[in-house]
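As a plain string of letters, each chain reads:
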Protein chains: 2
Amino acid sequence: MERATGKSPSKSPLTKSMNGSQRFLAACAGLPVDRTPVWMMRQAGRYLPEYRAIRETVDFLTLCKTPDLALEVSLQPVKRFGMDACIVFSDILIPVEAMGAPLAFTEEGPSLQQPVRAMADVDRLHVPDPHEETPFVMQTLRMLRAILREETALVGFCGAPFTLAAYLIEGGGSKNYAATKALLYREPALLHALLAKLADTIAEYAAAQIAAGAQAIQVFDTWAGELAPDAYARFALPYEEVVIERIHAANVPAILFVNGCAGMLELIPRAKADVLSVDWRIGLDAVRARIGAKPALQGNVDPAALLSTPSTVVEAAHEAMRAAGAQGHILNLGHGVLPATPLECAQAFVDAPKSASARAT
Amino acid sequence: MERATGKSPSKSPLTKSMNGSQRFLAACAGLPVDRTPVWMMRQAGRYLPEYRAIRETVDFLTLCKTPDLALEVSLQPVKRFGMDACIVFSDILIPVEAMGAPLAFTEEGPSLQQPVRAMADVDRLHVPDPHEETPFVMQTLRMLRAILREETALVGFCGAPFTLAAYLIEGGGSKNYAATKALLYREPALLHALLAKLADTIAEYAAAQIAAGAQAIQVFDTWAGELAPDAYARFALPYEEVVIERIHAANVPAILFVNGCAGMLELIPRAKADVLSVDWRIGLDAVRARIGAKPALQGNVDPAALLSTPSTVVEAAHEAMRAAGAQGHILNLGHGVLPATPLECAQAFVDAPKSASARAT
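Bear in mind the structure is a predicted one, so any value in this text is a computation, not a measurement.

J.: Would you take a moment to explain the sheet that holds strand S1 (residues 85–87) of chain A for this structure?
T.: Sheets are built from strands paired through backbone hydrogen bonds, the pairs being either parallel or antiparallel. All names here are of chain A. Across the sheet, which stays open at both edges, the seven strands sit in the order S1-S4-S5-S6-S7-S8-S9 with parallel pairing between neighbours. This sheet does not close on itself; its edge strands, each paired only once, are S1 and strand S9 (329–333). For this sheet the average axis-to-axis angle between neighbouring strands, irrespective of direction, equals 25°. Taken together, the five bridges between strand S4 (residues 153–159) and strand S5 (residues 216–220) define a ladder with parallel strand orientation. Note on S5: the bridge partner recorded for Cys 158 is Val 219. Here helix H14 (residues 284–291) sits on the sheet in contact with strand S7 (275–277), strand S8 (296–301) and S9, set at roughly 150° to S8. Its contacts with the sheet put helix H15 (residues 310–324) on S8 and S9, and the angle it makes with S9 is roughly 145°.

Structure representation (structure tokens):
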């Protein structure tokens, strides 16, 4: 189990001159790399002055739907910091809006103004054609791929059915997901109907992103970690699996992120993702000890650890690299970049795998 | 490891006629019981019409500080449902206010109006004498104990230093504890100074509750589960241990609750609590498999599972009892009762350990 030893991967001639796409995709496959690849969830965002400058001129949804602008903000962090992967700028609720759920963004975050509470609400939603109804996402991906070529891996993304269902049922963010869980425990058939329709939608949507140039898809089941393990097994996992199967059918790796995964960790690999993106509440060495040498791991520095100094950030990044082992690991945060993150700390994080002390571990 | 087998405990003549205190304290000690004891975190609260009736006449803080009223609301759920334990009605921030931090309660929850951000803020706080500065809590406990006698166990409680520090630093609730963690990663000495003062305060406060009649103390480190495991080991665990040592010095069991404990589960027993109160995001069988036969476990039904029907509630309660094993288990929720909980579901939960199907497992 070489990847769990914390030693450097074998240096073959092939690994000496990897570009970003090669490095990222090799890590997804658990293969040797010249160094650990790195990117940050929500790397295009409010901590960047150039992002805030654009957001002063345009609202969030318009930004998502205007390919020239979405292209620009997707590239901003890559140009500034030099990550190995570029994730397309968008929102997980874009395909949900295309299903027929009116969407707005307020100061408090996303708001779905017709919450789903009955079967009639599910019936009103349709499975959209992603090329027809969300063409701006595919256009942004095509332009990104042409610009990035193979220097930087292009990552598409989608929400997983359970997390999107929770948004639809709560009508937005939630503290305890009481409405979603009340349906889960009281009307499971209704929730399954909603999840099935979402799974069809998201599988198509992921496939369209791959056709437009995405080299990997990250599936965000952010809220599934709020479920009891048996509820996760029944209401989240089977629908993650549907989406991941479709990604695999297009010959692209799938990365699965469940925030707060530690309690259900042994179940998650059943969704067959190539990479498990892990939050910061568990050490990557503990993850390896519990699930074994596969799948590859992504993560998992606490985003709040970047509210410090560059030397603290480098220490935290190297600790995550040590815990994960050099092979089958993509360095990332355990959740999205916080808006208050200092730029020098973001730079230190992206540079951490390039420094000598990391290679020496 | 009898308690993990899911079989009934041995029925000795001693276990045939237990009262609530005996049953609860035997479970805390991992000893045989006649049946699994049960109570619910936040069992005195808004889901009860008789609680809402009192709250219409008095604000939350006044209720906490008026022994006759605090007594009444503490007893309400016990009278209605017949739990084995009665927790004193209060708030974890009561001793923090006594340290000199002005406290208010708004619609959004508690608000500490002078957030701690510098050493001068820590210096301004003092270690209060709990008998002098929070006499109403001790008075409520004395009256409760006189009324309950041994029919129902009397549980006192306190916040753990890390969770209270996070309240003081954030100034109230928080989504990501960015201010607390920024201090943790940037000015650890300042955070340790605050934690040490809180540990002194809370150790005294717990001892005073025991002197006033509490038969067990639950220590709420509710937010410590938001820390990375290494940060938990440095900033939460040592201060939990200080408080628990003091509880043990008074010959009373300590129950420790960390919400979202799954990622740091192997570390938590180092705090030496008699009982680990577990949230719902991990199965109790998985907890046993990871930490062994001790300490006793409390929990862990998802509070949202009570937003359903009595039969679903009984099923969830029996599943938790099966997963925990019959010995060394206190049936409880994985977090506090939700305000929307139907009364018949709360009753079904409290009755679940008494039913034949539970005994037959």
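J.: Looking at this structure, I do not really get helix H1 (residues 20–28) of chain A. What am I missing?
T.: A turn of α-helix holds 3.6 residues, and therefore any two residues three or four places apart point the same way. Residues and elements named next belong to chain A. In terms of burial, H1 is largely enclosed, as seven of its nine residues are buried. Within H1, burial applies to Gly 20, Ser 21, Arg 23, Phe 24, Ala 26, Ala 27 and Cys 28. Of the residues that open H1, the one with a side-chain oxygen 3.3 Å from the backbone nitrogen of Ser 21 is Asn 19. Directly beyond the C-terminal end of H1, a positive phi value near 75° is found at Gly 30.

J.: Sorry if this is basic, but what is going on with the relation of the copies chain A and chain B here?
T.: One copy of the chain maps onto the second through a rotation around an axis plus a translation along that axis. Once chain A is rotated about the relating axis by 180° and shifted along it by 0.0 Å, it coincides with chain B to within an RMSD of 0.0 Å. Put plainly, the chains are arranged around a two-fold axis. Closest approach to the rotation axis among the C-alpha atoms of chain A is made by Ala 262 of chain A, whose C-alpha sits 2.6 Å away. In this assembly the copies share their binding face: 100% of the residues contributing to the interface of chain A also contribute to that of chain B.

J.: Can you help me understand the packing of H15 of chain A against helix H16 (residues 343–351) of chain A in this one?
T.: Residue and element names in this part refer to chain A. Close contact between H15 and H16 brings their axes to 8 Å; oriented N to C, the two are set at 30°. The angle between H15 and H16 falls in the class roughly parallel. Judged by the twist between their axes, the crossing of H15 over H16 is right-handed. For the pair H15 and H16, the contacting residues are Pro 310, Val 313, Val 314 and Ala 317 in the first and Glu 344, Cys 345, Ala 348 and Phe 349 in the second.

J.: Got a minute to help me understand the interface of chain A and chain B in this structure?
T.: Where interface size is quoted, it is often the accessible area lost as the parts come together. Between chain A and chain B, the contact holds 26 residues from the first and 26 residues from the second. Around 2,200 Å² of area is buried between chain A and chain B when both sides are counted, 58% of it from carbon and sulfur atoms. Of all residues in chain A, Tyr 185, Arg 281 and Leu 307 of chain A give up the largest surface area on contact with chain B, accounting jointly for 25% of the area buried on that side. Where chain A packs against chain B, one counts four salt bridges. Residues Glu 226 of chain B and Arg 281 of chain A are paired through a salt bridge, measuring 3.2 Å at the closest nitrogen-oxygen approach. Our count for the chain A to chain B interface comes out at eight residue pairs in polar contact (both at pLDDT 80 or more).

J.: Would you mind showing me how to read the environment of Glu 315 of chain A here?
T.: Residues and elements named next belong to chain A. One can find Glu 315 in helix H15. According to the relative accessible area criterion, Glu 315 is exposed, its value standing at 61%. Residues Glu 315 and Ala 305, 10 residues apart in the sequence, show an inter-C-alpha distance of 10.0 Å.

J.: What is the right way to read the side chain of Ser 74 of chain B from this model?
T.: Looking at the element boundaries, Ser 74 of chain B is found in helix H4 (residues 67–81). Those residues in contact with Ser 74 of chain B, other than ones at most four positions away along the chain, are Ala 44, Cys 86, Ile 87, Val 88, Phe 89 and Leu 144 of chain B.

J.: Hey, could you run me through the packing of aromatic side chains in this one?
T.: In this description, an aromatic ring pair is defined by two values, namely the gap between the centres and the angle between the planes. Residues and elements named next belong to chain A. Taken as a whole, this structure holds 16 aromatic pairs over all chains when the rule is applied. Geometrically, the ring pair formed by Phe 157 and Phe 220 is edge-to-face, given 5.7 Å between the ring centres and 85° between the ring planes. Linking Phe 157 in strand S4 with Phe 220 in strand S5, this pair joins segments that are 63 residues apart in sequence. On the basis of relative accessible area, Phe 157 is assigned to the buried category, the value being 9%. Take Phe 220: its relative accessible area is 13%, and that puts it in the buried class. Put simply, the rings of Tyr 51, Phe 60, Phe 89 and Phe 105 pair up and form one aromatic cluster. A cation over a ring is seen here: Arg 281 above Trp 280, with NZ or CZ 3.9 Å from the ring centre.

Reading the values: rules and limits
- Residues numbered from 1 in each chain as written.
- Chains lettered and ligands numbered in written order.
- Predicted model: local features only at pLDDT ≥ 70, side-chain atom pairs only at ≥ 80, totals over all residues.
- Heavy atoms only, no water.
- Pairing = 2+ DSSP bridges.
- Helix = DSSP H or I, 4+ residues; strand = E, 2+ residues; numbered from the N terminus.
- Axes fitted to C-alpha atoms, helices over the stretch in contact; angles between N-to-C directions.
- Contact = heavy atoms within 4.5 Å.
- Buried < 20%, exposed > 50% of the residue type's maximum accessible area, 1.4 Å probe, protein only.
- Polar contact = N/O pair within 3.5 Å; in protein donor to acceptor, adjacent residues only side chain to side chain.
- Least-squares fit on C-alpha atoms with pLDDT ≥ 70 in both.
- Parallel < 35°, antiparallel > 145°, perpendicular 65-115°, else oblique.
- Left-handed = near helix turned anticlockwise from the far one by under 90°.
- Buried area = accessible area lost by both parts, 1.4 Å probe.
- Salt bridge = Lys/Arg side-chain N within 4 Å of Asp/Glu carboxyl O.
- Phe/Tyr/Trp six-rings, centres within 6.5 Å; stacked < 30°, edge-to-face > 60°.
- Lys NZ or Arg CZ within 6 Å of the ring centre and 35° of its normal.

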